[in-house]
Amino acid sequence: MTPHAPRTRGAALFDVDGTLVDTNHLHTLTWWLALRQHGHTVPMARIHRAVGMGSDRLLDAVLGQDRRSGQDEAIANAHGTLYATWFDSLVPFEGAAELLRATAARGWKVVLASSASEEEVAAVRARLDADDVIDAATSSGDVTATKPAPDLVRAALDAVGAEPEDAVLVGDTVWDVEAAGRAGVPCVGLLTGGTTRRELEDAGAVVVHDDALTLLRHIDAGPLARPPR
(Lines give C-alpha, C1' and ligand atoms only; values in the text may rest on other atoms or scores of the structure.)
Protein backbone atom coordinates (compact mmCIF):
# COMPACT_ATOMS: atom_id res chain seq x y z
CA MET A 1 0.00 0.00 0.00
CA THR A 2 1.38 3.40 -0.91
CA PRO A 3 2.13 5.81 1.96
CA HIS A 4 0.09 8.54 0.28
CA ALA A 5 -3.26 6.72 0.10
CA PRO A 6 -5.34 6.23 3.24
CA ARG A 7 -6.62 2.71 3.66
CA THR A 8 -10.09 2.13 2.27
CA ARG A 9 -12.15 -0.99 2.77
CA GLY A 10 -13.83 -2.59 -0.17
CA ALA A 11 -12.01 -2.46 -3.51
CA ALA A 12 -13.75 -4.05 -6.50
CA LEU A 13 -11.15 -4.62 -9.20
CA PHE A 14 -12.33 -5.19 -12.76
CA ASP A 15 -10.27 -6.56 -15.60
CA VAL A 16 -11.27 -4.72 -18.78
CA ASP A 17 -10.63 -6.68 -21.99
CA GLY A 18 -13.00 -9.62 -22.28
CA THR A 19 -14.63 -8.74 -18.96
CA LEU A 20 -16.26 -5.35 -19.50
CA VAL A 21 -15.62 -4.84 -23.22
CA ASP A 22 -15.81 -7.38 -26.06
CA THR A 23 -12.20 -7.11 -27.23
CA ASN A 24 -10.43 -10.45 -26.80
CA HIS A 25 -11.00 -11.58 -30.37
CA LEU A 26 -9.91 -8.16 -31.66
CA HIS A 27 -6.70 -8.53 -29.68
CA THR A 28 -6.25 -12.02 -31.13
CA LEU A 29 -6.67 -10.72 -34.67
CA THR A 30 -4.38 -7.71 -34.25
CA TRP A 31 -1.67 -9.75 -32.52
CA TRP A 32 -1.91 -12.27 -35.38
CA LEU A 33 -1.50 -9.49 -37.96
CA ALA A 34 1.37 -7.89 -36.03
CA LEU A 35 3.17 -11.20 -35.79
CA ARG A 36 2.67 -11.80 -39.51
CA GLN A 37 4.21 -8.41 -40.27
CA HIS A 38 7.37 -9.64 -38.56
CA GLY A 39 7.55 -13.03 -40.19
CA HIS A 40 5.66 -15.16 -37.66
CA THR A 41 2.58 -17.17 -38.61
CA VAL A 42 0.97 -18.34 -35.37
CA PRO A 43 -2.39 -20.14 -35.03
CA MET A 44 -5.01 -17.73 -33.74
CA ALA A 45 -6.10 -20.30 -31.16
CA ARG A 46 -2.66 -20.13 -29.54
CA ILE A 47 -2.78 -16.33 -29.45
CA HIS A 48 -6.28 -16.32 -27.99
CA ARG A 49 -5.16 -18.59 -25.16
CA ALA A 50 -2.51 -16.00 -24.22
CA VAL A 51 -4.71 -12.88 -24.42
CA GLY A 52 -4.93 -11.35 -20.96
CA MET A 53 -1.19 -11.52 -20.39
CA GLY A 54 1.02 -8.50 -20.91
CA SER A 55 2.79 -8.29 -24.26
CA ASP A 56 6.05 -9.72 -22.91
CA ARG A 57 4.43 -12.84 -21.50
CA LEU A 58 2.11 -13.19 -24.48
CA LEU A 59 5.08 -13.30 -26.84
CA ASP A 60 6.76 -15.84 -24.56
CA ALA A 61 3.63 -17.97 -24.81
CA VAL A 62 3.11 -17.79 -28.57
CA LEU A 63 6.72 -17.67 -29.83
CA GLY A 64 8.65 -19.31 -27.01
CA GLN A 65 11.25 -17.87 -24.68
CA ASP A 66 14.06 -18.75 -27.11
CA ARG A 67 12.78 -16.37 -29.79
CA ARG A 68 14.69 -13.32 -31.07
CA SER A 69 13.45 -10.94 -28.37
CA GLY A 70 14.87 -7.97 -30.25
CA GLN A 71 11.65 -7.96 -32.26
CA ASP A 72 9.39 -7.75 -29.21
CA GLU A 73 9.01 -3.99 -29.06
CA ALA A 74 8.33 -3.71 -32.79
CA ILE A 75 5.71 -6.48 -32.66
CA ALA A 76 4.03 -4.92 -29.62
CA ASN A 77 4.01 -1.50 -31.29
CA ALA A 78 2.50 -3.00 -34.44
CA HIS A 79 -0.22 -4.64 -32.36
CA GLY A 80 -0.95 -1.33 -30.64
CA THR A 81 -1.22 0.50 -33.95
CA LEU A 82 -3.50 -2.12 -35.47
CA TYR A 83 -5.70 -2.35 -32.38
CA ALA A 84 -6.06 1.45 -32.24
CA THR A 85 -7.91 1.36 -35.56
CA TRP A 86 -10.75 -0.37 -33.68
CA PHE A 87 -11.08 2.16 -30.85
CA ASP A 88 -14.25 3.74 -32.25
CA SER A 89 -15.83 0.31 -32.73
CA LEU A 90 -15.28 -1.14 -29.25
CA VAL A 91 -18.48 -2.48 -27.69
CA PRO A 92 -19.01 -2.91 -23.93
CA PHE A 93 -20.79 -6.07 -22.89
CA GLU A 94 -24.44 -5.68 -21.99
CA GLY A 95 -24.74 -4.63 -18.37
CA ALA A 96 -21.06 -3.71 -17.97
CA ALA A 97 -21.53 -0.03 -17.06
CA GLU A 98 -24.55 -0.88 -14.93
CA LEU A 99 -22.48 -3.49 -13.09
CA LEU A 100 -19.85 -0.87 -12.23
CA ARG A 101 -22.55 1.52 -10.99
CA ALA A 102 -24.28 -1.18 -8.94
CA THR A 103 -20.94 -2.14 -7.39
CA ALA A 104 -20.19 1.48 -6.45
CA ALA A 105 -23.71 1.90 -5.06
CA ARG A 106 -23.00 -0.92 -2.61
CA GLY A 107 -20.03 0.96 -1.20
CA TRP A 108 -17.12 -0.47 -3.16
CA LYS A 109 -14.27 1.52 -4.64
CA VAL A 110 -14.23 0.61 -8.35
CA VAL A 111 -10.83 0.09 -10.01
CA LEU A 112 -10.12 -0.91 -13.60
CA ALA A 113 -7.23 -3.37 -13.28
CA SER A 114 -5.80 -3.45 -16.79
CA SER A 115 -2.35 -4.11 -18.19
CA ALA A 116 -3.25 -2.48 -21.51
CA SER A 117 -1.58 0.75 -22.62
CA GLU A 118 -2.84 4.07 -21.32
CA GLU A 119 -4.29 4.80 -24.76
CA GLU A 120 -6.20 1.52 -24.82
CA VAL A 121 -7.54 2.02 -21.30
CA ALA A 122 -8.66 5.54 -22.22
CA ALA A 123 -10.44 4.23 -25.31
CA VAL A 124 -12.27 1.60 -23.29
CA ARG A 125 -13.28 4.09 -20.61
CA ALA A 126 -14.74 6.33 -23.28
CA ARG A 127 -16.86 3.47 -24.60
CA LEU A 128 -17.94 2.33 -21.13
CA ASP A 129 -19.14 5.83 -20.20
CA ALA A 130 -18.98 5.06 -16.48
CA ASP A 131 -16.23 7.40 -15.29
CA ASP A 132 -18.58 8.79 -12.65
CA VAL A 133 -18.11 5.61 -10.59
CA ILE A 134 -14.54 4.61 -11.50
CA ASP A 135 -12.17 5.56 -8.68
CA ALA A 136 -8.90 4.51 -10.32
CA ALA A 137 -7.41 2.59 -13.22
CA THR A 138 -4.11 0.89 -13.93
CA SER A 139 -2.25 0.42 -17.20
CA SER A 140 0.88 -1.33 -18.43
CA GLY A 141 3.01 1.57 -17.21
CA ASP A 142 2.18 0.77 -13.59
CA VAL A 143 4.00 -2.57 -13.46
CA THR A 144 7.06 -4.34 -14.79
CA ALA A 145 5.63 -7.87 -14.43
CA THR A 146 2.21 -8.51 -15.95
CA LYS A 147 -0.45 -11.18 -15.37
CA PRO A 148 -0.31 -13.90 -14.19
CA ALA A 149 2.17 -12.17 -11.85
CA PRO A 150 0.33 -10.45 -8.98
CA ASP A 151 1.92 -7.02 -9.54
CA LEU A 152 -1.01 -5.52 -11.44
CA VAL A 153 -3.51 -6.58 -8.79
CA ARG A 154 -1.29 -5.08 -6.11
CA ALA A 155 -1.00 -1.84 -8.11
CA ALA A 156 -4.80 -1.67 -8.37
CA LEU A 157 -5.09 -2.15 -4.60
CA ASP A 158 -2.49 0.54 -3.98
CA ALA A 159 -4.38 2.95 -6.21
CA VAL A 160 -7.20 3.11 -3.65
CA GLY A 161 -5.24 2.17 -0.53
CA ALA A 162 -6.89 -1.25 -0.09
CA GLU A 163 -5.63 -4.52 1.33
CA PRO A 164 -6.10 -7.93 -0.39
CA GLU A 165 -8.54 -9.17 2.23
CA ASP A 166 -10.79 -6.21 1.43
CA ALA A 167 -10.93 -6.78 -2.33
CA VAL A 168 -12.52 -8.83 -5.11
CA LEU A 169 -11.35 -9.07 -8.71
CA VAL A 170 -13.64 -9.77 -11.67
CA GLY A 171 -11.90 -11.23 -14.72
CA ASP A 172 -12.31 -13.50 -17.73
CA THR A 173 -9.06 -15.45 -18.08
CA VAL A 174 -7.09 -17.93 -16.03
CA TRP A 175 -4.37 -15.24 -15.94
CA ASP A 176 -6.75 -12.96 -14.03
CA VAL A 177 -7.61 -15.72 -11.59
CA GLU A 178 -3.97 -16.70 -11.06
CA ALA A 179 -2.81 -13.10 -10.60
CA ALA A 180 -5.59 -12.46 -8.09
CA GLY A 181 -4.78 -15.65 -6.19
CA ARG A 182 -1.09 -14.78 -5.96
CA ALA A 183 -2.08 -11.39 -4.52
CA GLY A 184 -4.45 -12.97 -2.00
CA VAL A 185 -7.59 -11.63 -3.70
CA PRO A 186 -10.62 -13.80 -4.60
CA CYS A 187 -11.65 -13.73 -8.25
CA VAL A 188 -15.06 -13.88 -9.89
CA GLY A 189 -14.81 -15.35 -13.39
CA LEU A 190 -16.81 -14.41 -16.49
CA LEU A 191 -17.10 -16.55 -19.63
CA THR A 192 -17.09 -13.65 -22.09
CA GLY A 193 -13.38 -13.85 -22.88
CA GLY A 194 -13.61 -17.35 -24.33
CA THR A 195 -12.24 -19.30 -21.34
CA THR A 196 -14.36 -22.20 -20.15
CA ARG A 197 -16.10 -22.46 -16.80
CA ARG A 198 -14.02 -25.51 -15.89
CA GLU A 199 -10.76 -23.71 -16.64
CA LEU A 200 -11.72 -20.70 -14.51
CA GLU A 201 -12.88 -22.91 -11.65
CA ASP A 202 -9.75 -25.07 -11.82
CA ALA A 203 -7.62 -21.89 -11.70
CA GLY A 204 -9.38 -20.92 -8.45
CA ALA A 205 -12.31 -18.66 -9.35
CA VAL A 206 -14.68 -18.46 -6.38
CA VAL A 207 -17.72 -18.22 -8.66
CA VAL A 208 -18.21 -18.08 -12.44
CA HIS A 209 -20.95 -16.24 -14.33
CA ASP A 210 -21.81 -16.16 -18.02
CA ASP A 211 -21.27 -12.42 -18.43
CA ALA A 212 -21.42 -9.00 -16.77
CA LEU A 213 -25.19 -8.86 -17.01
CA THR A 214 -25.60 -12.21 -15.24
CA LEU A 215 -23.20 -11.09 -12.51
CA LEU A 216 -25.22 -7.88 -12.14
CA ARG A 217 -28.45 -9.86 -11.75
CA HIS A 218 -26.85 -11.99 -9.03
CA ILE A 219 -24.71 -9.31 -7.41
CA ASP A 220 -26.39 -9.55 -4.02
CA ALA A 221 -25.83 -13.30 -3.82
CA GLY A 222 -22.06 -13.19 -4.30
CA PRO A 223 -18.79 -11.59 -3.23
CA LEU A 224 -19.82 -8.12 -4.48
CA ALA A 225 -22.96 -7.95 -2.33
CA ARG A 226 -21.28 -5.63 0.15
CA PRO A 227 -17.75 -4.49 0.99
CA PRO A 228 -16.02 -5.87 4.11
CA ARG A 229 -16.92 -4.09 7.35
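Residues numbered from 1 in each chain as written. Predicted model: local features only at pLDDT ≥ 70, side-chain atom pairs only at ≥ 80, totals over all residues. Heavy atoms only, no water.

## Some details on the packing of helix H1 (residues 24-37) against helix H4 (residues 72-84)
So, point 1. Between H1 and H4, whose axes approach to 8 Å, the crossing angle comes to 130°. The orientation of H1 relative to H4 falls into the category oblique. Handedness of the H1/H4 crossing: right-handed. Contacts from Leu-26, His-27, Thr-30, Trp-31, Leu-33, Ala-34, Leu-35 and Gln-37 of H1 reach H4 at Ile-75, Ala-76, Ala-78, His-79, Leu-82 and Tyr-83.
So, point 2. Considered class by class, the residues forming the contact of H1 with H4 number 10 nonpolar, 4 polar and no charged. (Axes fitted to C-alpha atoms, helices over the stretch in contact; angles between N-to-C directions. Helix = DSSP H or I, 4+ residues; strand = E, 2+ residues; numbered from the N terminus. Parallel < 35°, antiparallel > 145°, perpendicular 65-115°, else oblique. Left-handed = near helix turned anticlockwise from the far one by under 90°. Contact = heavy atoms within 4.5 Å. Nonpolar A, V, L, I, M, F, W, Y, C, P; charged D, E, K, R; others polar.)

## A closer look at the side chain of Gln-71
So, point 1. By the secondary structure assignment, Gln-71 is in the loop between helix H3 (55-63) and H4.
So, point 2. When neighbours within four sequence positions are excluded, Gln-71 is seen to be in contact with His-38 and His-40.

## As for the confidence of the model for the protein chain
So, point 1. When pLDDT is averaged along the protein chain, the result is 94; 97% of the residues meet or exceed 70.
So, point 2. Counting contacts from residues 1-6, a segment whose pLDDT is below 50, to residues more than four positions away or on other chains yields 9 contacts. (pLDDT = per-residue confidence, 0-100.)

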